[in-house]
2 protein chains.
Amino acid sequence: MLVGGIEAGGTKFVCAVTDGKNGIQERISMPTETPEQTMPRLFEYFDQFDHLDAIGLASFGPIDVNPKSKTYGSIIDTPKAGWEHYDILGAMKAHYPDTQFAFTTDVNAAAYGELKMGAADGLDSCVYLTVGTGIGGGVVEHSQILQGYSHPEIGHMLIRQQPEDSYEGTCPYHHNCLEGLAAGPAIERRWGKKGHLLPADHQAWQMEADYLAQACVNIALMLSPERIVFGGGVSKQAQLFPMIRESFKRQMAGYVQTPDLDDYIVHVALGDDAGITGVLLLAADQL
Amino acid sequence: MLVGGIEAGGTKFVCAVTDGKNGIQERISMPTETPEQTMPRLFEYFDQFDHLDAIGLASFGPIDVNPKSKTYGSIIDTPKAGWEHYDILGAMKAHYPDTQFAFTTDVNAAAYGELKMGAADGLDSCVYLTVGTGIGGGVVEHSQILQGYSHPEIGHMLIRQQPEDSYEGTCPYHHNCLEGLAAGPAIERRWGKKGHLLPADHQAWQMEADYLAQACVNIALMLSPERIVFGGGVSKQAQLFPMIRESFKRQMAGYVQTPDLDDYIVHVALGDDAGITGVLLLAADQL
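Residues numbered from 1 in each chain as written. Chains lettered and ligands numbered in written order. Predicted model: local features only at pLDDT ≥ 70, side-chain atom pairs only at ≥ 80, totals over all residues. Heavy atoms only, no water.

Within this structure, the stated rule accounts for 14 salt bridges over all chains. Where Lys68 of chain A meets Asp124 of chain B, a salt bridge forms, and the shortest distance between an N and an O atom there is 3.3 Å. With Lys68 of chain A in the loop between β4 (54-59) and α2 (88-95) and Asp124 of chain B in the loop between α3 (106-117) and β6 (126-131), this residue pair bridges two chains. Three or more residues joined by partner-sharing salt bridges are found here, namely Lys68 of chain A together with Asp124 and Glu226 of chain B. (Salt bridge = Lys/Arg side-chain N within 4 Å of Asp/Glu carboxyl O. Helix = DSSP H or I, 4+ residues; strand = E, 2+ residues; numbered from the N terminus.)

It is worth spelling out the confidence of the model for chain A at this point. Averaged over all residues, the pLDDT of chain A equals 96, while 100% of them reach at least 70. The ipTM value of the predicted complex is 0.96, and its pTM value is 0.97. (pLDDT = per-residue confidence, 0-100.)

A separate point is the environment of Asp53 of chain A. Residues and elements named next belong to chain A. When you line up the elements, Asp53 lands in the loop between α1 (35-47) and β4. For the pair Asp53 and Asp19, spaced 34 residues apart in sequence, the C-alpha to C-alpha distance is 10.0 Å. Not counting residues up to four positions away in its chain, the partners in contact with Asp53 are Met1, Leu2, Thr99, Gln100 and Leu287. (Contact = heavy atoms within 4.5 Å.)

As a further point, take unusual backbone geometry. All names here are of chain A. For the peptide bond that leads from Gly61 to Pro62, omega is 5 degrees, which places it in the cis range. Relative to the elements of secondary structure, Pro62 occurs in the loop between β4 and α2. For His175, which is not glycine, the phi dihedral falls at a positive 60 degrees. Position of His175 relative to the elements: it lies in the loop between β8 (144-145) and α4 (178-182). Since its relative accessible area comes to 46%, His175 is described here as partly exposed. For Ser224, which is not a glycine, the phi torsion comes out positive at approximately 45 degrees. Within the element layout of this structure, Ser224 appears in the loop between α6 (203-222) and β9 (228-231). (Buried < 20%, exposed > 50% of the residue type's maximum accessible area, 1.4 Å probe, protein only.)

Turning our eyes to something else, we now look at the packing of α3 of chain B against helix α9 (residues 274-285) of chain B. Residues and elements named next belong to chain B. Two numbers describe how α3 lies on α9: the axes approach to 6 Å, and their chain directions differ by 80 degrees. Here α9 runs roughly perpendicular to α3, going by the angle between their axes. Along its contact with α3, which presents Asp106, Ala109, Ala110, Tyr112, Gly113, Glu114, Lys116 and Met117, the element α9 presents Ala274, Gly275, Thr277, Gly278, Val279, Leu281, Leu282 and Asp285. Looking at side-chain class alone, the contact of α3 with α9 contains eight nonpolar, four polar and four charged residues. (Axes fitted to C-alpha atoms, helices over the stretch in contact; angles between N-to-C directions. Parallel < 35°, antiparallel > 145°, perpendicular 65-115°, else oblique. Nonpolar A, V, L, I, M, F, W, Y, C, P; charged D, E, K, R; others polar.)

Counting residues at the interface gives 46 residues for chain A and 46 residues for chain B. The contact between chain A and chain B buries some 4,200 Å² in all, and 57% of this surface belongs to carbon and sulfur atoms. The interface formed by chain A and chain B contains four salt bridges. Linking chain A to chain B there are 26 residue pairs in polar contact (both at pLDDT 80 or more). Among the secondary structure elements, those contributing two or more residues to the side of chain A that touches chain B are β8, α6 and α7 (240-252) of chain A. (Buried area = accessible area lost by both parts, 1.4 Å probe. Polar contact = N/O pair within 3.5 Å; in protein donor to acceptor, adjacent residues only side chain to side chain.)

Time to look at the packing of helix α5 (residues 184-191) of chain A against α6 of chain A. All names here are of chain A. Relative orientation of the contacting elements α5 and α6 amounts to 140 degrees, with a least axis distance of 11 Å. The chirality of how α5 crosses α6 is right-handed. Taken together, the residues of α6 that come into contact with α5 (itself represented by Ile187, Arg190 and Trp191) are Gln203, Ala204, Trp205, Met207, Glu208 and Tyr211. Of the residues contributing to the contact of α5 with α6, the split by class is six nonpolar, one polar and two charged. (Left-handed = near helix turned anticlockwise from the far one by under 90°.)

What follows deals with the relation of the copies chain A and chain B. After a rotation of 180 degrees and a shift along the axis of 0.0 Å, chain A superposes on chain B with an RMSD of 0.0 Å. Read as a symmetry element, the transformation amounts to a two-fold axis. Minimal C-alpha distance to the rotation axis in chain A is attained by Arg160 of chain A, lying at 2.6 Å. When the interface residues of chain A are mapped onto chain B, 100% of them again lie at the interface, so the same face is used by both copies. (Least-squares fit on C-alpha atoms with pLDDT ≥ 70 in both.)

Judged by nonpolar contacts, the single largest core of 92 residues is most densely connected at Leu223, Phe230 and Phe248 of chain A together with Leu223, Phe230 and Phe248 of chain B. Every residue in contact with Leu223 of chain B, bar those within four places of it in the chain, is listed here: Leu146, Met222 and Leu223 of chain A together with Val127, Val139, Glu141, Leu146, Ile154 and Asn218 of chain B. (Core = buried A, V, L, I, M, F, W, Y, C linked by side-chain atoms within 4.5 Å.)

Below, the discussion takes up the environment of Glu164 of chain A. Within the fold, Glu164 of chain A resides in the loop between β8 and α4. Through-space distance from the C-alpha of Glu164 of chain A to that of Leu89 of chain A is 45 Å; in sequence the pair is 75 residues apart.

Take the sheet that holds strand β2 (residues 12-18) of chain B next. All names here are of chain B. An order of β3-β2-β1-β4-β5 is seen for the five strands of this open sheet, with the pairing classed as mixed. Edge positions in the sheet fall to β3 (26-31) and β5 (100-105), since each has one partner strand and no second. The mean angle between the axes of side-by-side strands here comes to 15 degrees, regardless of whether they run parallel or antiparallel. Inspection of the sheet shows strand β1 (residues 3-8) paired to β2 by six bridges, in the antiparallel sense. The residue bridging Glu7 from the neighbouring strand is Val14, located in β2. Its contacts with the sheet place helix α1 (residues 35-47) against β1, β2 and β3, and it is angled at close to 15 degrees to β2. Seen against the sheet, helix α2 (residues 88-95) touches β1, β2, β4 (54-59) and β5 and runs at an angle of roughly 165 degrees to β5. (Pairing = 2+ DSSP bridges.)

The next point concerns the side chain of Glu7 of chain A. All names here are of chain A. As for its position among the elements, Glu7 is in strand β1 (residues 3-8). No salt bridge is formed by the buried Glu7, whose closest oppositely charged neighbour, Lys12, lies at an N-O distance of 6.7 Å. Once residues within four sequence positions are removed from consideration, Glu7 is found in contact with Lys12, Phe13, Val14, Ala58, Asp272, Gly275 and Ile276. (Lys, Arg positive; Asp, Glu negative; His and termini not counted.)

Right, here's the structure in full:
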């Protein structure tokens, strides 16, 4: 068995292969340019291998993951030049007609990677939340990626803004949704400095923790995962985790039972490899 | 094949049987008293039948639906005398040791009923939201009931209160969560009259529609169901539906694609039979 994986991000594409036994064997990374520039480089990489039984494709989104839809396999909407409405899965299938494909979002793949080999190893469900330049969420339930009409867009959930927070929010759609209030750019514009330049005891972190905890409360109430795993640049602020857990406890007010919070709200274990690991596992699942 | 179903509500228990071909064949309803009073009547009903291959039990909650838990099958928390921590599934299994059991919440069963035979017939996913004396939500994804650490408690999601709404909310845990602001008792206390006594053009309904639409936005973003189905007493106000759809559109601001809203946010098709229908189907699935 030889399977390939692609983590198609807004900044870079990571491509890798595995035989399913020895971890990630080969990997390259290339900048995300236009499809005309990026796709040939991607084909060049995978063409090296004699035959790939399956390829997993995990893309930035929103993407059309609904197999019943006419535009299944396309990127729906993005400011990245050339990628809007681009049928990325169709292009892959045309080049590799005898290969099986898995197709999902980058964050769903990361959730799957963390469930199978990372911070949620041994469980059947988890939510992965990446907090960086944006906020994205992936969901695994019953050991499979949650799929309804489309994929979740947890980062845009409508949350309550604190009365003392007058920042208008960065989201071009909803202004002060979760991403609009709590992603990296919101921290920078609200406090005048990038998050990693703020001291660990800055008041910015209590506010950030309260917003992320509110998101966790709604995640626990609506999706009831066995674990919530945080990734992304903002989540590297280790001081956030005890504050998120404390705020979660206060906001949930004892209503539903969760596992012990130290085991419930945790940091990613696979780091930046969560997405590529997950998408290789999803590819292997096709066989 | 003969299967039984129980919809254990806070006010009444509905018990029914079916052979899986001819719909609900037998049914009784009894008031919810204490377990000591109610359970013997329930046994008496099912004992009439020679052998039941499976019984589905859909209970008011929160209940412990996690098979890995020591208290699996119990009601966790309820103000109903005698039912708190009562092992309702254990009591059923002790009385019918040779029968297969399905166990879930009343609202999950209703979601399943609507998916298989009601307003979401032919789809693979739906969310059922009942708005009455409380707000409860059931979730089906990939044609199965969503199950993580526990069951969803969508009715308690934290939502944004409108600045002009000074009502403090009825929820004993969160005050102004969705249930606290939008269930029947909140309407009554805010406006001084029960909802069904308010005229269809009363301002209460625009506020109600805005809160329910906000819930639908978060449901679409977090669970991405193919359809959202409303049941319960408050949802009988037909004027709410166009207002919820309009408000949903405004609050979602075009961010994610959904089916046409007339098909996306709909009224229950099975009415008060959604729960008992769903739990009989879940029982039959055990075989």
